[in-house]
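Residues per chain are reported as follows:
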Amino acid sequence: MSSRTSLPALLVGLFCLTTLFLVAAPPRKPPRGPHQEPLLPRQEVLRLVGRGHLQLVADYYWLQLIQATGAAREASEYRDIYPYAELVTDLDPHFISVYSFAAGVLPTNLGRETWVNTEESTRVLRKGLALYPDDLEMNVLLAYNLSAFHKEFREAAQVLEHASKLPGAPSYLAPLSTRLYAQSGAVDAGLALARSLAEGAEDPETRELFMQRVRDLEMEGELRRVDAAIGEFHERFGVAPPDIDTLLALGLLDEPPHDPKGGGFFIGYDGRTYSETQQRRLEIYTPDNRGYRWLTQVEK
């Protein structure tokens, strides 16, 4: 990894670097006992010592971040990346590559989709996006974190909607945003986005794709309306209703659900509503795979 600083600046900053080596060493794994986080100097001290050469100081700790990443084997060691990323971006907030790199390597899977270091990853991304709100990579990473780790589906949808309008954005971001709106329960917001995309489409094929998403969202709205009635029935009687006609007879549904494709509805074994003409609900998470069909699968 090469430094961004010129040779004259390196020579001028030699004393600064010598001081830094004395006050801070790269993280070392202790031979025994619990993991110890790296002890880093306060940025105020570094600003004083490295006055006029903050990029050089930031470069030094960037190299330590890279070293910590390469040496990490356990979740606690990957957590060490966070203080380095915070320090580097405090010293040089416009060191843009640090944000995406650190945010991408921080989350650690302990197995069975149990993730740690996710809050730190999201904090790094929010810090970067405060300065670079139109950075496509950071927006996509933040939407992923919000969806997969924090279950903040509506904010994830909003972030992806913004990202879908940035230069170079992949075409799947906008449809994925509408799916995340549906996942969050904000079906109306997803519908508004899908309709605007259909209206702005430049060719018939793309327009039909977005109109299909409009129909999917309309269907999801109906399914969620019936789900709410099922929930009310269960709260009242302690069991799931036998069928949708029962919900209508009890007045829990004010009108029969409408399928834009002309099919019927039924209550599944999981106590949720499904359409006879649509195999899956419009959502990201499916309990059968214990994970998220995110960028690679959900919009195929």
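Quick caveat: nothing in here was measured; it's all calculated off a predicted structure. (Residues numbered from 1 in each chain as written. Predicted model: local features only at pLDDT ≥ 70, side-chain atom pairs only at ≥ 80, totals over all residues. Heavy atoms only, no water.)

1. Regarding the overall build of the chain
Inference 1: Broken down by element type, the chain carries 14 helices and 6 strands.
Inference 2: Across the 300 residues of the chain, 44% fall into the buried class.
Inference 3: Across the chain, the fraction of contacts at a sequence separation of at least 24, relative to all contacts at a separation of at least 6, is 59%.
Inference 4: Summed over its atoms, the accessible surface of the chain is roughly 16,300 Å², and 54% of this surface lies on carbon and sulfur atoms. (Helix = DSSP H or I, 4+ residues; strand = E, 2+ residues; numbered from the N terminus. Buried < 20%, exposed > 50% of the residue type's maximum accessible area, 1.4 Å probe, protein only. Contact = heavy atoms within 4.5 Å. Areas by Shrake-Rupley, 256 points an atom, 1.4 Å probe, with all protein chains shown as cover.)

2. Overview of the side chain of Arg79
Inference 1: With respect to the helices and strands, the residue Arg79 is situated in helix α5 (residues 75-79).
Inference 2: For Arg79, the side chain forms a polar contact with the side chain of Glu120, separated by 2.9 Å.
Inference 3: If we ignore the near neighbours within four places in the chain, the residues touching Arg79 are Glu37, Leu106, Asn117 and Glu120. (Polar contact = N/O pair within 3.5 Å; in protein donor to acceptor, adjacent residues only side chain to side chain.)

3. Concerning the nonpolar core
Inference 1: One finds Tyr61 and Val124 to be the most contacted residues of the largest nonpolar core, which totals 41 residues.
Inference 2: Elements represented by at least two residues in this core include exactly α4 (54-71), α6 (81-91), α7 (96-105), α8 (118-131), α9 (136-149), α10 (153-164) and α11 (173-184). (Core = buried A, V, L, I, M, F, W, Y, C linked by side-chain atoms within 4.5 Å.)

4. Overview of the confidence of the model for the chain
Inference 1: Looking at the chain, pLDDT values average 82 and 82% of them are 70 or higher.
Inference 2: Ranking the elements of the chain by mean pLDDT puts strand β6 (residues 291-292) last with 40 and α8 first with 97.
Inference 3: Counted against residues more than four places away or in other chains, residues 22-33, with its pLDDT under 50, gives 16 contacts.
Inference 4: A low-confidence stretch, residues 286-298 stays under pLDDT 50, and its non-local contacts, those more than four residues away or across chains, total 30 contacts. (pLDDT = per-residue confidence, 0-100.)

5. With respect to the environment of Ala163
Inference 1: Along the polypeptide, Ala163 turns up in helix α10.
Inference 2: Taking the C-alpha atoms as reference, Ala163 lies 6.9 Å from Val140; in sequence the two are 23 residues apart.
Inference 3: With sequence-adjacent residues up to four places away left out, Ala163 is seen in contact with Leu136, Asn139, Ala169 and Leu173.

6. Thoughts on unusual backbone geometry
Inference 1: The backbone of Asn117 sits at a positive phi, close to 65 degrees, despite the residue not being glycine.
Inference 2: As for its position among the elements, Asn117 is in the loop between β2 (115-116) and α8.
Inference 3: You will see that Lys151, though not glycine, has its phi angle at about 60 degrees, which is positive.
Inference 4: Looking at where Lys151 falls in the secondary structure, it is placed in the loop between α9 and α10.

7. With respect to the pattern of salt bridges
Inference 1: Under the definition given, this model contains 15 salt bridges.
Inference 2: Of the charged contacts, one joins Glu120 and Arg123 as a salt bridge, the two residues approaching to 4.0 Å between their closest N and O atoms. A residue pair is termed a helical-turn pair when its members lie 3 or 4 positions apart in one helix, as Glu120 and Arg123 do in helix α8 at 3 residues.
Inference 3: The exposure class of Glu120 is buried, given its relative accessible area of 13%.
Inference 4: In this structure, the salt-bridge partner of Arg213 is Asp216, at a minimum N-O distance of 3.9 Å. (Salt bridge = Lys/Arg side-chain N within 4 Å of Asp/Glu carboxyl O.)

8. A short note on the environment of Leu176
Inference 1: Position of Leu176 among the secondary structure elements: in helix α11.
Inference 2: Overall, the relative accessible area of 1% leaves Leu176 in the buried class.
Inference 3: Separated by 20 residues in the primary sequence, Leu176 and Ala156 have C-alpha atoms spaced 9.9 Å apart.

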